[in-house]
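Structural overview
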Amino acid sequence: MTAIVKRTTLKVRDMEKSVAFYEGVMGMSKYYDNEITLSGDLLPGGNKGDVTRLVIMKGEDPVIGMIGLLEWLDPKPDAPEIPYDFDFGNPVFVAAVEDAAVAFEKAKALECVIRAPLSESEYPGADGGVVKVRSVGVFDPDGHFFELNQRLEG
């Protein structure tokens, strides 16, 4: 059986800022919002009894491609500086958006760090053709990097 990635969960500093990014820039909506007390067994961070808040954001598909946002409430940890870099352990998320220009403007309005302003590019397609996209490269409030692509017609 081939695995299906249903959700990626990201550790966040400020849930409200993160939700504003995923709703406003990405066009996602809340699927789940609850406090969870950790068992201390599964995650490679945190301890038994830690209280967290998990918000799961969903996109167009009701099952796959969800993004979980996990904030520690108690104890509240000190957050490290955001490196705004691409290094080992730092993924690049690529997401399709309806309108990259609108996503770009909303990211600027939320004062997100923009890595690459709005641009148009062509890439070799998997089928041998050419893929044309309008893109913006933006970091969410916690330094997770997103390449937001709007596919353009031939």
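Just so it is clear, the model here is predicted, and its values are computed rather than measured.

Attention now moves to unusual backbone geometry. Geometrically, the link from Asp 74 to Pro 75 is a cis peptide bond, its omega value of 0° lying close to zero. For Pro 75, the location among the structural elements is in the loop between strand E4 (66-74) and strand E5 (92-96). Phi is positive for Tyr 84, close to 45°, though the residue is something other than glycine. Position of Tyr 84 relative to the elements: it lies in the loop between E4 and E5. Non-glycine residue Glu 111 carries a positive phi angle of around 60°. Looking at where Glu 111 falls in the secondary structure, it is placed in the loop between helix H2 (100-109) and strand E6 (114-124). Judged by relative accessible area, Glu 111 falls into the exposed class, the value being 71%.

Pairing in this open sheet of four strands is mixed, and the strands run E5-E8-E7-E6 from one edge to the other. On the outer flanks of this sheet lie E5 and E6, each paired with one strand and no other. On average, each strand axis in the sheet is inclined to that of its neighbour by 25°, with strand direction left out of account. Relative to strand E8 (residues 145-152), strand E7 (residues 130-139) runs antiparallel, the two sharing eight bridges. Across the sheet, Gly 137 pairs through a bridge with Glu 147, a residue of E8. Along the sheet, H2 contacts E6, E7 and E8; its crossing angle with E6, the most-contacted strand, is approximately 160°.

Ordered in space as E1-E4-E3-E2, the four strands form an open sheet in which the pairing is mixed. Each edge of the open sheet carries a strand with a single partner, namely strand E1 (7-11) and strand E2 (29-37). If you compare each strand with its neighbour and ignore which way they point, the axes differ by 20° on average. The pairing of E1 with E4 spans five bridges and is parallel. Its bridge partner being in E4, Arg 7 is matched across the sheet by Met 66.

Among all positions in helix H1 (residues 15-24), only Met 15, Ser 18, Val 19, Phe 21 and Tyr 22 are buried. Down the axis, H1 shows its buried residues gathered within 160° of arc, on one side only. Elements that come into contact with the buried residues of H1 comprise E1, E2, strand E3 (51-58), E4, E7 and E8. You can read the cap of H1 off the contacts: a side-chain oxygen lies 3.0 Å from the backbone nitrogen of Glu 16, and it is on Asp 14.

Reading the values: rules and limits
The residue count restarts for each chain, going from 1 along the sequence in the order it is written. The model is predicted, so local features are restricted to residues of pLDDT at least 70 and side-chain atom pairs to those at 80 or more, both for listing and for counting; the totals for chains, interfaces and linings are taken over all residues. Think of the side-chain values as coming from all heavy atoms in the structure, minus any hydrogens and water. The numbering of helices and of strands both runs from the N terminus, where a helix is a DSSP run of H or I of at least 4 residues and a strand a run of E of at least 2. Only protein chains enter the accessibility calculation, which uses a 1.4 Å probe. A residue is then buried if its area is under 20% of the maximum for its type, exposed if over 50%, and partly exposed in between. At least two bridges found by DSSP between two strands is the condition for calling them paired. Here an axis means a line fitted to C-alpha atoms, over the contact stretch when the element is a helix, while the angle between two N-to-C directions is reported on a 0 to 180 degree scale. Residue contacts are counted whenever heavy atoms from the two residues lie within 4.5 Å of one another. Arc definition: directions from the helix axis to the C-beta atoms. Two N or O atoms form a polar contact when they lie within 3.5 Å of each other; inside protein one atom must be a possible hydrogen donor and the other a possible acceptor, and for residues adjacent in sequence the pair counts only when both atoms belong to side chains.

Read these as layout, nothing more, since geometry by itself doesn't imply function.
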